[in-house]
Every structure is written in C-alpha cells, then in structure tokens.
Amino acid sequence: MPDLSAEWADLTPKDAIALQRSLRARVNTDDDLPEVRTVAGVDVGFEDHGQTARAAIVVLDREDLTPVDYALARLPTRFPYVPGLLSFRECPVILDALRQLKTMPDLLLCDGQGIAHPRRLGIATHIGLLTGLPSIGVGKSRLTGTHGPVPDTKGEWTPLVDGDETIGAVLRTRSGVKPLFISPGHRISLPTAIDHVMACITRYRLPETTRWADGLASNRGQQWLKTLEGLK
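Model, not experiment: these values are computed from the prediction.

Draft legend 1. Expanded view of the overall build of the protein chain. A count of helices and strands for the protein chain gives six helices and eight strands. Taken from N to C terminus, the helices and strands of the protein chain fall in the order α-β-β-β-α-β-α-β-β-β-β-α-α-α. Compactness check: the protein chain gives a C-alpha radius of gyration of 16 Å against a globular reference of 17 Å for 232 residues, within 12% of the reference. Dimensions of the protein chain, computed from C-alpha atoms along their principal axes, come out at roughly 45 × 45 × 35 Å.

Draft legend 2. Representation of unusual backbone geometry. A positive phi angle, close to 60°, is found at Arg120, a residue other than glycine. Following the sequence through the fold, Arg120 ends up in the loop between strand E4 (107-111) and helix H3 (123-131). Classification of Arg120 as buried rests on a relative accessible area of 7%. Even without a glycine there, the phi angle at Arg187 is positive, about 65°.

Draft legend 3. Representation of the sheet that holds strand E8 (residues 180-186) within the structure. Judged by pairing direction, the sheet is mixed, and its eight strands sit side by side in the order E3-E2-E1-E4-E5-E8-E7-E6 without closing on themselves. Strand pairing shows two members of the sheet lacking a second neighbour, strand E3 (67-76) and strand E6 (157-162), which therefore form its edges. Taken pair by pair, the neighbouring strands of this sheet meet at an average axis angle of 25°, ignoring direction. With nine bridges connecting them, strand E2 (residues 52-61) and E3 associate as antiparallel partners. Within E3, the residue paired with Val58 across the bridge is Tyr70.

Draft legend 4. Seen up close, the pairing of E2. Within E2, nine of the 10 residues are buried, which leaves the element mostly enclosed by the surrounding structure. As defined by bridge partners, strand E1 (residues 38-47) adjoins E2 across 10 bridges and the pair is classed as antiparallel. In the strand pairing of E2, Val44 is matched with Ala55. Here E1 folds back onto E2, and the loop between the two strands holds four residues, one of which, Asp48, carries a positive phi near 55°. Counting the residues in the hairpin turn of E2 and E3 gives five residues, including Leu65, whose phi is positive at 60°.

Draft legend 5. Broad picture of the pattern of salt bridges. Evaluation of the coordinates by the stated rule reveals 10 salt bridges. Between Lys140 and Asp111 there is a salt bridge, and its shortest N-O distance comes to 2.6 Å. Within this pair, whereas Lys140 is found in the loop between strand E5 (135-139) and E6, its partner Asp111 is found in strand E4, the two being separated by 29 residues in sequence. Relative accessible area serves as the criterion here: at 33%, Lys140 is assigned to the partly exposed category. Residue Glu165 is joined to Arg120 by a salt bridge in which the shortest nitrogen-to-oxygen separation is 3.2 Å. Highlighted residues: Glu165 in strand E7 (residues 165-171) and Arg120 in the loop between E4 and H3, separated in sequence by 45 residues.

Draft legend 6. Just the environment of Gly122, in detail. If you trace the backbone, Gly122 turns up in the loop between E4 and H3. The sequence separation of Gly122 and Gly137 amounts to 15 residues, and the corresponding C-alpha distance is 7.7 Å. Apart from residues no more than four positions distant in its own chain, Gly122 is found in contact with Gln113, Gly114 and His117.

The rules behind these values
- Residues numbered from 1 in each chain as written.
- Predicted model: local features only at pLDDT ≥ 70, side-chain atom pairs only at ≥ 80, totals over all residues.
- Heavy atoms only, no water.
- Helix = DSSP H or I, 4+ residues; strand = E, 2+ residues; numbered from the N terminus.
- Rg over C-alpha atoms; globule rule 2.2 N^0.38 Å.
- Buried < 20%, exposed > 50% of the residue type's maximum accessible area, 1.4 Å probe, protein only.
- Pairing = 2+ DSSP bridges.
- Axes fitted to C-alpha atoms, helices over the stretch in contact; angles between N-to-C directions.
- Salt bridge = Lys/Arg side-chain N within 4 Å of Asp/Glu carboxyl O.
- Contact = heavy atoms within 4.5 Å.

Structure below.
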C-alpha cells in the first residue's frame, strides 16, 4: 500500500481535483468480489482541532457480525479541509490502519461516499482504488444528487441520481429513521452493495460495521476499545 502522507501534503486542491478526474476512469462498479467472509467498517475522526487524523477499522465476521480484528492509527493531518476532497485528508491514515490488520477484510464499508460524489471519487472509491479492495460508501447524509421519496419500510430504497446517472441508493435501514446514502466504491455494483449493507443491519439505523468503526474513531472510543482489546 502506498505511503501518501508526504506525497499528498504537496498537492494543491487544484491538483487533487485533477487527480480525482484522472482516477475516475479506473473505477469498477461491476461485481468483482471474492466470497465475502469478513467485512470491515472504516471511519476517520480528528483530534487537536483537526491537526491529527485518527482512523479506525473494525473487521467483522460476515456471518454473525462479531469482531475478529481491529486497528487504530493516528497521523498528522497534511491536507486542508476542502469539501469534495476529504479523501486526501483521510486516505493516508486509513492505509496506515490497514497495514496493522492481521485479517485483511474481503469488503470495506466506509463512512462516507463512494461514487455518489461530484467527481465520482468519494472516500470509499478512493481507498478501493488505492488498495484494490472492494468497497462501499455508507453516507449518513447526501453529498450530491437528487432522489424521490423513500418508502418507510426497512430495506426499501429509491435511486440517488445525478442527471441521467444513478450514483447510489437512498436506503431505509429501519422504519421511522432517516435513510442512509449507499453507493458503490470499487469492484461492486449498487444492488450488491445494498445487499451487503442490509446484511450488516441489526436493530440500529447504521450497519454494525459503521457502528464499530465510528465508536472506535470517536471520542467514545475507549469504551469500544475495551471490548476489542482481547482480539490482539
């Protein structure tokens, strides 16, 4: 996996946009997955007023959604906060966390967008291209695109579209709560991405992958870490 910490520190936002546009052609939104036995939640938080990026990855058994491995990494934040370019702040520390894993997951579920991005290169797509791993964007809010009403039934969804292109799904994971914005990252189709997200849903709005990674990456991380420490 590449070390991007120093290399990306020298990129300007204009350079980063150009890189996104050049990478777009490499994105694969057809199913090209192995048998998915493990799934991982990926999330990034920030400390020290944004000066330090903290990535959490929790690998779960796909069958029973129990944790089998985890990693927590911290790196100085080298890229400025620019909407649409958040992957340049987050990818270096995610790659650092992935290097620590003993169990490499078959599928990544990233907190953020996949191709549901103005240049079709959200964090899930970017990290999928960098690692070669199949990936899904699981967004809590919409970044781009429009959609119609979402039925209030668990598992129902409506397309998220940009012009004449379907870029994701607005998925109701639980009745009576806000939907999630699901989009392919890399090496996976939208229907298969939806199936895997729903397979990771229990009684909460968020899939278990996101819940574990978000908990570990957040300021509440200590209580989640206590549960995971036995895996090391």
